[in-house]
Amino acid sequence: MAVLNINGKSVDAKVDPRTPLLWVLRDTLGMTGTKYGCGIAQCGACTVHVDGRPLRSCSAPVSAVADRPVTTIEGLSSRAAKAVHKAWVDLDVVQCGYCQSGQIMSATALLEQKPKPSDTDIDHAMAGNICRCATYQRIRAAIHAASAQLAG
């Protein structure tokens with residue numbers, strides 16, 4: 001059994017400690033906002049925050065995150081997260097939408113660490129978040145818009 005801190009709540013999960021966090025979130029806890037994309041931590045669809053930093057949950061065993069705060073897309077509520085959500089809607093970032101929870105998680109983590117990111121900062125922070133629809137330019141523009149909203 002693993003005791004997890006998910007979105008500010010203590011949760012008991014009766015799973016093998018080697019079980020990937022993604023499967024605990026989706027299959028055990030029914031939290032389907034975090035997506036399965038590749039299973040090898042290469043696409044970013046499964047991104048969550050652990051200790052405020054992005055983590056690919058498909059390859060992280062629950063034993064690695066026990067007693068550490070985990071935030072999923074369902075629990076994302078910071079000022080930066082709200083700015084990112086607004087920018088995503090305002091700039092119509094989403095096309096198919098499958099990768100977007102991971103994109104939003106990575107973008108929010110970036111803005112919480114660096115509120116005024118450069119294009120290089122954005123490229124670095126978003127590297128590994130694959131969008132099959134190739135909305136990368138809209139994602140970058142939305143991150144800049146969210147940054148501007150946070151600044152003003």
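Residues numbered from 1 in each chain as written. Predicted model: local features only at pLDDT ≥ 70, side-chain atom pairs only at ≥ 80, totals over all residues. Heavy atoms only, no water.

Asks: Can you tell me about the overall build of the chain, naming the residues and giving the values?
Replies: Summing up its helical and strand segments, the chain has 6 helices and 5 strands in all. Whereas a compact globule of 152 residues would reach a radius of gyration of roughly 15 Å, the chain reaches 15 Å, a difference of no more than 12%. Overall, the chain is about 45 × 30 × 25 Å in size when its C-alpha atoms are taken along their principal axes. Taking all contacts inside the chain whose residues are at least 6 apart in sequence as the whole, residues at least 24 apart take part in 61%. Counting every atom, the chain has about 7600 Å² of accessible surface; 52% of that belongs to carbon and sulfur. For the chain, the distance from the average site of its 16 positive side-chain charges to the average site of its 12 negative ones is 2 Å. (Helix = DSSP H or I, 4+ residues; strand = E, 2+ residues; numbered from the N terminus. Rg over C-alpha atoms; globule rule 2.2 N^0.38 Å. Contact = heavy atoms within 4.5 Å. Areas by Shrake-Rupley, 256 points an atom, 1.4 Å probe, with all protein chains shown as cover. Lys, Arg positive; Asp, Glu negative; His and termini not counted. Charge placed at Lys NZ, Arg CZ, Asp CG, Glu CD.)

Asks: I'd like to hear about helix α4 (residues 100-113), residue by residue, with values.
Replies: Its 14 residues place the ends of α4 20 Å apart at the C-alpha level, agreeing with the 20 Å of an ideal helix rising 1.5 Å per residue. When α4 is considered as a whole, its buried residues turn out to be Q100, S101, G102, Q103, I104, M105, S106, A107, T108, A109, L110 and L111. Next to the buried residues of α4 lie β3 (47-50), β4 (53-56), β5 (69-71), α3 (79-90), α5 (119-126) and α6 (136-151). (Expected span 1.5 Å × (residues − 1). Buried < 20%, exposed > 50% of the residue type's maximum accessible area, 1.4 Å probe, protein only.)

Asks: Pulling in residues and values, what's your account of the nonpolar core?
Replies: Membership of the largest hydrophobic core comes to 21 residues, with the highest contact counts inside it found for V84, W88, L111 and I143. Secondary-structure elements contributing two or more residues to this core are α3, α4, α5 and α6. Among the elements that make up this core, the one with the highest residue count is α3 (6 residues). What I143 contacts, discounting residues up to four positions off in sequence, is W88, A107, L110, L111, P117, I122 and M126. Counting residues in each nonpolar core, the second largest holds 15 residues, with A2, L25, M31 and V65 among its members. (Core = buried A, V, L, I, M, F, W, Y, C linked by side-chain atoms within 4.5 Å.)

Asks: So what's going on with the pairing of β3? Residues and values would help.
Replies: The alternating pattern of β3 places T47 and H49 on one face and V48 and V50 on the opposite face, and all of these are buried. Of the strand pairs in this sheet, β3 and β4 are connected by 4 bridges, and their pairing is antiparallel. Bridged to V50 within β4 is R53. Taking the residues between adjacent antiparallel strands as the criterion, β3 and β4 are bridged by 2 residues, where D51 takes a positive phi near 55 degrees. The pairing of β3 with β5 spans 2 bridges and is classified as antiparallel. What sits directly across from V50, in β5, is V70. (Pairing = 2+ DSSP bridges.)

Asks: Run through the state of the cysteines, naming residues and quoting values.
Replies: As used in these notes, a disulfide is a covalent bond between sulfur atoms, one from each of two cysteines. All told, the structure shown has 0 disulfides when counted by the stated rule. Among the cysteines around C38, which has no disulfide bond, C43 carries the closest sulfur, lying 3.8 Å off. Just so you know, C133 is unpaired, no disulfide at all, and the nearest cysteine sulfur is the one on C96, 3.7 Å from it. (Disulfide = S-S within 2.5 Å.)

Asks: Please give an account of the sheet that holds β4 that cites residues and values.
Replies: Reading across the sheet, the 5 strands line up as β2-β1-β5-β3-β4 and stay open at both edges, with mixed pairing between neighbours. Looking along the sheet, the strands with just one partner apiece sit at the ends: β2 (9-13) and β4. Along the sheet, successive strands turn relative to each other by an average axial angle of 40 degrees, direction set aside. Sheet topology places strand β1 (residues 2-6) next to β5; 2 bridges connect them, and they run parallel. Directly across from I6, in β5, lies its bridge partner V70. Here helix α1 (residues 21-28) sits on the sheet and contacts β1, β2, β3 and β5; the angle it forms with β1, its principal contact strand, is near 80 degrees. α4 rests against β3, β4 and β5 of the sheet, and its axis sits at about 35 degrees to β3. (Axes fitted to C-alpha atoms, helices over the stretch in contact; angles between N-to-C directions.)

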